[in-house]
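# Working through the structure, step by step
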Amino acid sequence: MSGSQIAFVAAAFVILAAITAAVQLRWLRPGRTQTIVVFLAGVAVVGSLWAAGLPPAWFAGTKSGFGLALSLAVGALLARAKAGEARAFGFPLLSGMSLTLLVANVLTFAKRVL
C-alpha cells in the first residue's frame, strides 16, 4: 500500500469520525444544512476510497460494485423509515455513499464497454 493510498483511507475514516461527532454532539443545525453536510460526507468517503483505488472490485463496474451500491441504497431507505437520528444521519450518509458508488461503477462500466 502506497503513501497516497494510506492518506486517502485515513481521510475516509477521519471524515466518518468527524461527521459522526458533529451529528452526535449537535454541532450541525438540524434540517437541510445537516442533511446536505452529511450527504456530502458520504460522497467524500466513497470518493476518497475510489481515489485510493481500494478495494478495486467495488469500483470495477461489476456485480460486486453494483451489489454494494444497491445494498447501501437499501440501507438508506431502511434508515429513512426510522424516526429520529437514524433518519437524520443514516439516510443522507448512506444515500451519498450509494450514489457515489453507483456513479463510479457506471463510469467504469461505460469506459470498459465503449
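Summarised in this report is the structure supplied together with it. Please read these numbers as outputs of a predicted model, since none were measured by experiment. (Residues numbered from 1 in each chain as written. Predicted model: local features only at pLDDT ≥ 70, side-chain atom pairs only at ≥ 80, totals over all residues. Heavy atoms only, no water.)

Per the secondary structure count, the protein includes four helices and zero strands. Starting at the N terminus and walking to the C terminus, you meet the elements of the protein as α-α-α-α. Within the protein, the proportion of its 114 residues that are buried is 30%. Put simply, of all contacts in the protein between residues at least 6 apart along the chain, 71% involve residues at least 24 apart. (Helix = DSSP H or I, 4+ residues; strand = E, 2+ residues; numbered from the N terminus. Buried < 20%, exposed > 50% of the residue type's maximum accessible area, 1.4 Å probe, protein only. Contact = heavy atoms within 4.5 Å.)

Once that is clear, we can look at the packing of helix 1 (residues 3–24) against helix 2 (residues 32–52). Between helix 1 and helix 2, the shortest axis-to-axis distance is 8 Å and the interhelical angle comes to 165°. With respect to helix 2, the element helix 1 is oriented roughly antiparallel. Crossing angle aside, the handedness with which helix 1 passes helix 2 is left-handed. For the pair helix 1 and helix 2, the contacting residues are Gln5, Phe8, Val9, Ala12, Ile15, Leu16, Ile19 and Val23 in the first and Gln34, Val37, Val38, Ala41, Ala44, Val45, Ser48, Leu49, Ala51 and Ala52 in the second. The residue makeup of the contact of helix 1 with helix 2, split by class, is 15 nonpolar, three polar and no charged. (Axes fitted to C-alpha atoms, helices over the stretch in contact; angles between N-to-C directions. Parallel < 35°, antiparallel > 145°, perpendicular 65-115°, else oblique. Left-handed = near helix turned anticlockwise from the far one by under 90°. Nonpolar A, V, L, I, M, F, W, Y, C, P; charged D, E, K, R; others polar.)

All right, on to the packing of helix 1 against helix 4 (residues 85–113) then. In the contact formed by helix 1 and helix 4, the axes pass within 11 Å of each other and the chain directions differ by 155°. The angle between the axes of helix 1 and helix 4 places the two elements in the roughly antiparallel class. For helix 1 against helix 4, the interelement crossing comes out right-handed. Facing Leu16, Ile19, Thr20, Val23 and Gln24 of helix 1, the residues of helix 4 in contact are Glu85, Phe89 and Leu93. For the contact of helix 1 with helix 4, the per-class residue count stands at five nonpolar, two polar and one charged.

This brings us to the environment of Ser98. Inspection of the secondary structure assignment puts Ser98 in helix 4. As for Ser98 and Gln34, which are separated by 64 residues in sequence, their C-alpha atoms are 18 Å apart. With residues near it in sequence (within four places) discarded, Ser98 still touches Ala69, Leu72 and Ala73.

Moving on, we get to the packing of aromatic side chains. Scanning the entire structure with this criterion turns up three aromatic pairs. Taking 6.1 Å as the distance between ring centres and 15° as the angle between the ring planes, the aromatic pair formed by Trp50 and Phe59 counts as stacked. With a relative accessible area of 6%, Phe59 lands in the buried category. Aromatic ring contacts, followed pair by pair, group Trp50, Trp58 and Phe59 into a single cluster. (Phe/Tyr/Trp six-rings, centres within 6.5 Å; stacked < 30°, edge-to-face > 60°.)

Nothing here speaks to function; it is geometry throughout.
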